[in-house]
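Architecture at a glance
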Amino acid sequence: MLRSIATFLCLRCQPVTALPLNLRSRATHSVAENQQTVEALYDLSVDIQKVRKLKGWVLLQSPAYTKEVAELLKNMGASGPIIAHILTSHPEAVLCNPEQIYTQKELWMSVCPNQRELVGVIEKFPASFFTSSSHHDNQRNNISYFQSLNLNKRVITKLMASAPQSFSRPVEQNELMVHTLQHAYQELGGEEANMKIWLQKLLSQNPFVLLKPPEVLRENFLFLRDKGFSTPQLLHLLSRLKGFVTELNPDSMRRTLLYSQDTIGCSETELRDIILRCPALLYYPESTLAERFEGLLSAGISMCQITATPTVLELTTQIVNYRVQQLKARGYDIRTGSLEVLNGTKKDFEMSFGKLQLRRERPLFNPVAPLKADD
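So, here is what we can say about the structure in this document. No experiment lies behind these values; they were computed from the predicted model shown.

Quick look at the packing of helix H16 (residues 231-240) against helix H18 (residues 268-277) now. At a closest axis distance of 10 Å, the pairing of H16 and H18 adopts a crossing angle of 35°. On H18, the residues touching Gln233, His236, Leu237 and Arg240 of H16 are Ile275, Leu276 and Arg277. Across the contact of H16 with H18, the residue classes break down as three nonpolar, two polar and two charged.

With 99 residues, the main nonpolar core has Phe130, Phe146, Leu282 and Leu342 as its most contacted residues. With sequence-adjacent residues up to four places away left out, Leu282 is seen in contact with Leu224, Leu237, Leu241, Leu248, Met253, Thr256, Leu257 and Ile275.

Moving on, we get to helix H21 (residues 317-329). An ideal rise of 1.5 Å per residue puts 18 Å on 13 residues; H21 measures up with 18 Å between its terminal C-alpha atoms. Those residues of H21 that sit buried are Thr317, Val320, Arg323, Val324 and Leu327. Summarising the axial view, the buried residues of H21 lie within an arc of 130°, below the 170-degree limit, and thus occupy one face. In this structure, H21 carries Gln318, Tyr322 and Ala329 as exposed residues pointing more than 90 degrees from its buried face. Looking one or two residues beyond H21, the residue adopting positive phi is Gly331, at roughly 85°.

We now examine H16. Since the α-helix advances by 3.6 residues per turn, residues separated by three or four positions end up pointing in the same direction. What H16 keeps buried is the set Leu234, Leu235, Leu237 and Leu238. The arc that holds the buried residues of H16, viewed along the axis, is 160°, so those residues lie on one side. Looking at the buried side of H16, the elements it contacts are helix H13 (171-187), helix H14 (195-205), helix H15 (214-226) and H18. Two residues or fewer past H16, Lys242 is found with a positive phi of approximately 55°.

All right, on to the packing of aromatic side chains then. The relation between two aromatic rings is expressed through the spacing of the ring centres and the mutual angle of the planes. On inspection of all chains with the given rule, the structure shows eight aromatic pairs. Both rings, one in Phe146 and one in Phe167, keep their centres 5.3 Å apart while their planes meet at 35°; by these two values the pair is tilted. Highlighted residues: Phe146 in helix H10 (residues 136-148) and Phe167 in helix H12 (residues 165-168), separated in sequence by 21 residues. Accessibility assignment for this pair places Phe146 and Phe167 in one class, buried. Connected via pairs of aromatic rings, a cluster forms that spans Trp108, Phe129 and Phe130.

Okay, the pattern of salt bridges next. Taken as a whole, this structure holds 10 salt bridges when the rule is applied. Between Arg218 and Glu215 there is a salt bridge, with the nearest N and O atoms lying 3.8 Å from each other. Pair noted here: Arg218 and Glu215 are both in helix H15, with a separation of three residues, about one helical turn. Assessed through its relative accessible area of 44%, Arg218 is described here as partly exposed. Looking at Glu215, the relative accessible area reads 41%, which means it is partly exposed.

Conventions used here
Residues numbered from 1 in each chain as written. Predicted model: local features only at pLDDT ≥ 70, side-chain atom pairs only at ≥ 80, totals over all residues. Heavy atoms only, no water. Axes fitted to C-alpha atoms, helices over the stretch in contact; angles between N-to-C directions. Helix = DSSP H or I, 4+ residues; strand = E, 2+ residues; numbered from the N terminus. Contact = heavy atoms within 4.5 Å. Nonpolar A, V, L, I, M, F, W, Y, C, P; charged D, E, K, R; others polar. Core = buried A, V, L, I, M, F, W, Y, C linked by side-chain atoms within 4.5 Å. Buried < 20%, exposed > 50% of the residue type's maximum accessible area, 1.4 Å probe, protein only. Expected span 1.5 Å × (residues − 1). Arc of directions from axis to C-beta. Phe/Tyr/Trp six-rings, centres within 6.5 Å; stacked < 30°, edge-to-face > 60°. Salt bridge = Lys/Arg side-chain N within 4 Å of Asp/Glu carboxyl O.

Shown next, in the form of structure tokens:
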């Protein structure tokens, strides 16, 4: 409450006349702020108003190491605008002791190819880099462990950036989850020779899989096995779900499967086949599926078309409607054509749409038509 009042008063008490540069912060803002921090951030072109609005408490702290942090980033190759962006989005960085940051740099450089790429990572994930010094030992141990698995350095960097919590905790917890994943892969018939590539791809696609309890994985596979999925099919799902199998639970899957089967009007065997082609059906809640089924049917698409190309259920209703209208404007009737043209990312759709347009514009050649000859 006191902090909010102080911030409000700071914003209200603006000077009428222009003041010298070295007096601007002192005259316009509360004396509770660390004026050295504010001046240093101004000099770095940091958006002070945004910092005050979102993380004003940082400006009240002392000591702060704004110049030292900026200098370190500059020495790593970060430009002025990049430094300003980093400190605007994550001003807590200025509270990190320089020694702590140098230790962080050493740890990250053990897996990051070069300083330029590290700056790019920090720009996207500043909170992952500017972390507590109390976790350095755990970070070091976890880095060593993942390196022992012969994982690609870029994958380890992505793990550190996307899921820093998994590196801040004791290495034993990550070891347990990795062993559980490896055991599941082998138990389901995965080949030992492909283990590293499979694990590397899984962790890259979903870094947060490491933060889930191993028991969740076992419970979900037992449920799916009870639902009639064979061992090879379970291995297929484990790979296709990109680690999201740990985000599921038997209760939610049971409700989703019952809803999908009732809506489609198919047998359990047919439903398993549909899920193998569109595993996302397992983790969409009933409300999401209801909206998407309704959106597709309202667009004139039949249930037979949906079951033939179930991956269209991965698209939001808004995206489906937009793409259907785009295709309709070019004379493509989605009610009689294939739904494959709807699928994929925005780039995939644009490519399919472009090929469709090219086929329409290309003149047809009739090989039996008489050739025109000069008289």
